[in-house]
Structures are given as C-alpha cells and as structure tokens.
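# Descriptive analysis of the structure
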Amino acid sequence: MTIQYTMAYLFLLVAIFWAMTQMSIALEESDMEKFVIWTGIASVIACLPMSF
C-alpha cells in the first residue's frame, strides 16, 4: 500500500513539474491563453493529493 502511494505522489510531482515548465514556456512566448490553460491544469494536479 505504501509503495502505491509513493508512486502516485511521484507521478503527481513529475506532472506538476511538467505543467510548470509548460507555464514557463507560455510566459516566455507571451501566450496568455496557453498560460491560463496550464495554470488550470497545474491547479487540478495540485489539488489531487487531497483526494488520497
């Protein structure tokens, strides 16, 4: 059971890092639509651990 939680949190950590990288790229390109979308995705990912 502990390994499953560890793997889930590791996956979430990688996913939030990837989303934040995409947010950074969108900001560098001054693409506010992409930035808002990736901010929403990062917010959803950040809320997922509360469901465990």
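Structure shown above.
Residues numbered from 1 in each chain as written. Predicted model: local features only at pLDDT ≥ 70, side-chain atom pairs only at ≥ 80, totals over all residues. Heavy atoms only, no water.

## Describing the pattern of salt bridges
Where charged atoms from two side chains of opposite charge come close, those side chains can pair. As a reminder of what qualifies: Any carboxyl oxygen of Asp or Glu that lies within 4 Å of a side-chain nitrogen of Lys or Arg is treated as forming a salt bridge with it.
Tallied over the full model, the rule gives one salt bridge. Lys-34 is the salt-bridge partner of Glu-29, the closest N and O atoms lying 4.0 Å from each other.

## Here we look at helix H1 (residues 2–28)
Convention followed: Only DSSP runs of H or I covering at least 4 residues are called helices, and only runs of E covering at least 2 are called strands; the numbering of each starts at the N terminus. To estimate how far a helix should extend, the number of its residues minus one is multiplied by 1.5 Å. The buried label goes to any residue with under 20% of its type's maximum accessible area, the exposed label to any with over 50%, and the partly exposed label to all in between, with areas taken from a 1.4 Å probe on protein chains only. Residue contacts follow a heavy-atom distance rule, with two residues in contact if any of their heavy atoms lie within 4.5 Å.
Relative to the 39 Å expected for 27 residues at 1.5 Å per residue, H1 spans 39 Å between its end C-alpha atoms, a close match to the ideal helical length. By the burial criterion, the buried members of H1 are Leu-12, Ala-15, Ile-16, Ala-19, Met-23 and Ala-26. Packed against the buried residues of H1 are helix H2 (32–47). The positive-phi residue at the C-terminal boundary of H1 is Ser-30, with phi of around 55°.

## A word on the nonpolar core
We apply this condition: Residues grouped as a nonpolar core are buried Ala, Val, Leu, Ile, Met, Phe, Trp, Tyr and Cys residues, joined through side-chain atoms within 4.5 Å.
Counting eight residues, the largest nonpolar core is built from Leu-12, Ala-15, Ile-16, Ala-19, Met-23, Trp-38, Ala-42 and Ile-45. Elements with a minimum of two residues in this core: H1 and H2. Broken down by element, the residue count for this core peaks at five residues, all from H1. The contacts of Ile-16, once residues within four sequence positions are left out, are Ala-42, Ile-45 and Ala-46.

## Focus on the packing of H1 against H2
Here is the rule: Note on geometry: axes are C-alpha line fits, over the in-contact stretch for helices, and angles between N-to-C directions span 0 to 180 degrees. Here is the rule for angles: anything less than 35 degrees is roughly parallel, anything more than 145 is roughly antiparallel, 65 through 115 is roughly perpendicular, and the remaining ranges are oblique. Take the far helix as the reference: if the near one is turned anticlockwise from it by less than a right angle, the crossing is left-handed, and if turned clockwise, right-handed. When residues are sorted by character, Ala, Val, Leu, Ile, Met, Phe, Trp, Tyr, Cys and Pro go into the nonpolar class, Asp, Glu, Lys and Arg into the charged class, and all the rest, Gly among them, into the polar class.
Contact pair H1 / H2: the axes reach a minimum separation of 9 Å and the direction vectors enclose 165°. The orientation of H1 with respect to H2, classified from their angle, is roughly antiparallel. For the pair H1 and H2, the sense of crossing is left-handed. Where H1 approaches H2, its residues Leu-12, Ala-15, Ile-16, Trp-18, Ala-19, Gln-22, Met-23, Ala-26 and Leu-27 are matched on the opposing element by Lys-34, Phe-35, Trp-38, Thr-39, Ala-42, Ile-45 and Ala-46. Counted by class, the contact of H1 with H2 contains 13 nonpolar, two polar and one charged residues.

Geometric descriptors of this kind do not, in isolation, establish any biological role.
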